[in-house]
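A look at the structure
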Amino acid sequence: MKWDHKASPRPTMGTLLEPLFNSSQLLVQPSCYAAVFQSFTGKSLLKQGKQLHAHMLLRGLRPTAFLAAKMVAMYASSGEISSASHIFYSARDPSSLLFNSIIRAFSLYKYSEETMHAYLRMHSLGFHGDNFTYPFVLKAIADLYFVHFGKCIHGLSMKDGLDFDIYVATSLIDMYVKCGELGDACRLFDEMPVRDVSSWNALISGYMRDGAVDLARELFNRMPLKNIVSWTSMISGYTQNGLAAEALQLFDEMSKEDSEVKPNWVTIMSILPACGYLSALEKGRKIHSFAQEKGLDSHPSVQTALIGMYAKCGSLADAQWCFNGIKPNSRNLVAWNTMITAYASHGLGVEAVRTFEHMIQAGIHPDGVTFTGLLAGCSHSGLVDTGLRYFESMSSVYSVERKHEHYACIVDLLGRAGRLVEAYEHICRMPMQAGASVWGSLLAAGRCHRNLEIAELAAKKLFVLEPENSGNYVLLSNMHAEAGMWEKVKNLRALQKSQSVKKNPGSSWIEINGKAHLFHGGDTASHDQTKEIYLLLEELPGKMKAAGYIPDTTFALHDVSEEEKEISLTTHSEKLAIAFGLVNTSPGTVLRVTKNLRICGDCHTAIKFISKIYEREIIVRDVNRFHHFKEGSCSCGDYW
DNA sequence: GTAGGGTTAG
């Protein structure tokens, strides 16, 4: 008989049996319980499952190993792992099936230590693992990063003759990949007599993690059959390796009408960061509406990725809109973290704090990422004492471990506020070795407050920790120049040369009508409209003076940021991109520019004037944060 | 049952 779905939803065995179990008269054959437990899968039937469990206890029945396995699976299917665990540990004589059930339950819910413990007990009682045991155990090993253990398990699976079972072998590849043992993963893949799509996918993911993008692509091209995971792995791999354009190309290819494999919600979630990386707002919007059309936008993770994309593309309003669109009880930790970080990067510390408090009220427990966002927000808005209080509360209230990145935030927070000595004292009191980000914060603070002593101290550490970072040399060199210490400038140049530090060329881009236009500092001939751009830039100083600009000669002479010295200030890449935007958009259009380095001081001043003179809102994203220029001022309060 | 995933300081 066919069930008429329109008339009413098809009852499951569980819903049919519910009334029977509510009547205590009913006596069931003990052998029936297992089948009934098996039918009570999923959260919606948990209540019935519990009733049946109680019913059984009332009758004084002790579950057999077989029945216990079914009960474990029942509780696991609704995430009640503690109940499942309780049944497992109180079973008298366990069976392979019971071990497999609990191992699956623990592993799927990431109780990785418990998974290992259950497996070890299974092993010590003399049970052999089968092709249902190993994949879950290996997942736990990968999660715990127990390579050594993983190799033992590989050996054991070999003894059981399962190491080339398609599921076990693929899980082994995945385990090796996740533990950073790509060599072992490759060897196993080569030796496998039969592979399936998943085996290829596991190895592609391994190459991508290792940064071997081309080898991953080769596998992708060579594999006999590609499925949605293959495509999505390539896309996320490209994105994570900074190859956003390649990711977008693959995404477009699979989004075509005639494509055999179509994007699903994971694909959408994986491609959005590529738009964020490129600040490709138009492209991001297109993918958003594509997802809406295909009904792929309702998943909380997609909505979270949308928040991040819009925030990175400079549209905080859209980010907020997406956040508000997530059902309150679906707003998980990552969604909150993304929103808090979005506010922080746009310099809205008060909003970041407010969002954090809402999160706490909503009963979500913060983690380390929450606090990096929150503290960065406080720092960007000068909320020094608030930030310090939250830093304190991390251990005293929320028991979240204070890690290196949090110390970097605190040094930044104090440093920006001019409390340089306190910042340095914090570094001295750190429970771990201070790394580049901490000293980098201190160097920036020293520069901001023209404290040469502190800056030199920080730079000295940085020259050891990251000798290849040209920004540090430039920053200190500029300070020496400002102070007229030409001898030191010369020495620093020599040091930089001896370390063979490559200059990091500055570049900026702007998206107009969905097309990105890239500019390098000093570009003179790469665009059709070079003439118009330069014309606009040449008349700028005059207009700026008329608008009240008083040139600061020391600043203009020496503060050229990381952009090459020989490139004149007027042709810094961010200025070129903005000029291009002014020429090619109608009056009043918001300009969004992205720069690969920190925005330079002179450009910052100039853009403030441009926003006033041309009556434009200009949003610049630099390596660290966003600057919203409007009516002659910037959201960062000239503090960055 | 195995493979793909959104948030992280200067």
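The rules behind these values
- Residues numbered from 1 in each chain as written.
- Chains lettered and ligands numbered in written order.
- Predicted model: local features only at pLDDT ≥ 70, side-chain atom pairs only at ≥ 80, totals over all residues.
- Heavy atoms only, no water.
- Pairing = 2+ DSSP bridges.
- Helix = DSSP H or I, 4+ residues; strand = E, 2+ residues; numbered from the N terminus.
- Contact = heavy atoms within 4.5 Å.
- Axes fitted to C-alpha atoms, helices over the stretch in contact; angles between N-to-C directions.
- UniProt positions renumbered as here; feature names shortened; annotations may be inferred.
- Phe/Tyr/Trp six-rings, centres within 6.5 Å; stacked < 30°, edge-to-face > 60°.
- Buried < 20%, exposed > 50% of the residue type's maximum accessible area, 1.4 Å probe, protein only.
- Lys NZ or Arg CZ within 6 Å of the ring centre and 35° of its normal.
- Domains from an automatic or database assignment.
- Buried area = accessible area lost by both parts, 1.4 Å probe.
- Salt bridge = Lys/Arg side-chain N within 4 Å of Asp/Glu carboxyl O.
- Polar contact = N/O pair within 3.5 Å; in protein donor to acceptor, adjacent residues only side chain to side chain.
- Nonpolar A, V, L, I, M, F, W, Y, C, P; charged D, E, K, R; others polar.
- Expected span 1.5 Å × (residues − 1).
- Arc of directions from axis to C-beta.
- Near = heavy atom within 4 Å.

Observations regarding the sheet that holds strand β6 (residues 633-634)
Note on sheets: strands pair through backbone hydrogen bonds, and any given pair is parallel or antiparallel. Pairing is mixed across the open sheet formed by 6 strands, whose spatial order is β2-β1-β3-β4-β5-β6. The open sheet has two edge strands with one neighbour each: β2 (515-520) and β6. By the bridge criterion, 4 bridges tie strand β3 (residues 591-595) to strand β4 (residues 618-621) in an arrangement that is parallel. Looking at the pairing, Arg592 lines up with Ile619 of β4. Of the strands in this sheet, β1 (507-512), β2, β3 and β4 are in contact with helix α32 (residues 573-584), which crosses β1 at around 20°.

Points about the UniProt feature "repeat: PPR" (unreviewed entry) in chain A
Residues annotated in UniProt with the feature "repeat: PPR" (unreviewed entry) correspond here to residues 165-195, 196-226, 227-261 and 332-366. Between the C-alpha atoms that bound residues 165-195 the distance is 9 Å, and the span itself is 74% helix and 0% strand. Helix and strand shares over residues 227-261 are 71% and 0% respectively, and the end C-alpha atoms of the span are 6 Å apart.

Remarks on the packing of aromatic side chains
Scanning all chains against the criterion turns up 19 aromatic pairs. Ring centres of Phe88 and Tyr89 lie 4.7 Å apart, and the angle between their planes is 70°; on these two criteria the pair is classed as edge-to-face. Relative to Tyr134, the ring of Tyr119 lies with its centre 6.2 Å away and its plane at 55°, an arrangement referred to as tilted. Of this pair, Tyr119 sits in helix α7 (residues 112-124) while Tyr134 sits in helix α8 (residues 134-144); the two residues are 15 residues apart in sequence, bridging distant segments of the chain. The class of Tyr119 is buried, set by a relative accessible area of 3%. A residue is classified by how much of its surface remains accessible, and Tyr134, at 1% relative accessible area, is buried. A connected cluster of aromatic rings, assembled from ring pairs, spans Phe88, Tyr89, Phe99 and Phe127. We note Arg195 situated over the ring of Phe189; from NZ or CZ to the ring centre the distance is 4.5 Å. Against the face of Phe220 rests Lys226, its NZ or CZ located 5.1 Å from the ring centre.

Examining the domain arrangement of chain A
For chain A, the assigned domains read domain 1 (259-328), domain 2 (422-499) and domain 3 (507-634). Contact with domain 3 buries surface across domain 1, with Ser279, Glu282 and Gly314 losing the most and accounting together for 45% of the total. At the boundary of domain 1 with domain 3, the tally comes to 0 salt bridges. Our count for the domain 1 to domain 3 interface comes out at 8 residue pairs in polar contact (both at pLDDT 80 or more). Broken down by secondary-structure element, the contributors of at least two residues to the side of domain 1 that touches domain 3 are α16 (265-278), α17 (281-293) and α18 (300-312). Class assignment of the residues belonging to the side of domain 1 that touches domain 3 gives a composition of 6 nonpolar, 4 polar and 3 charged.

A short note on α7
Along an α-helix, a turn takes 3.6 residues, which lines up residues three or four apart on a common side. Helix length check: α7 (13 residues) gives 18 Å between terminal C-alpha atoms against 18 Å at 1.5 Å per residue, within 8%. Taken together, the buried positions of α7 are occupied by Ser112, Thr115, Met116, Ala118, Tyr119 and Met122. When α7 is viewed along its axis, its buried side chains cluster within an angular range of 165° and face the same direction. Exposed residues on α7 whose side chains face more than 90 degrees from its buried face are Glu113 and Ser124. Buried-residue contacts for α7 involve α5 (81-90), α6 (96-108), α8 and α9 (147-159). Positive phi shows up at Gly126, right after α7, with a value of about 90°.

Here's the deal with the protein's contact with DNA strand B
Taken together, 50 residues form the shell around DNA strand B, and within it Asn131, Asn201, Trp265, Met269 and Glu405 come nearest. What you see for DNA strand B is that sugar and phosphate hold 43% of its atoms within 4 Å of the protein. One nitrogen or oxygen atom from the side chain of Asp174 is found 3.2 Å from a phosphate oxygen belonging to DNA strand B. A distance of 3.0 Å separates a base nitrogen of DNA strand B from a polar backbone atom of Ala436. Of the residues forming the surface near DNA strand B, the biggest block, 6 residues, is contributed by helix α14 (residues 228-240). Split into classes, the residues belonging to the surface near DNA strand B amount to 15 nonpolar, 26 polar and 9 charged.

Details of the pairing of β2
As paired elements, β1 and β2 share 6 bridges and run antiparallel to each other. Looking across to β2, one finds that Trp509 is bridged to Leu518. Counting the residues in the hairpin turn of β1 and β2 gives 2 residues, including Asn513, whose phi is positive at 50°.

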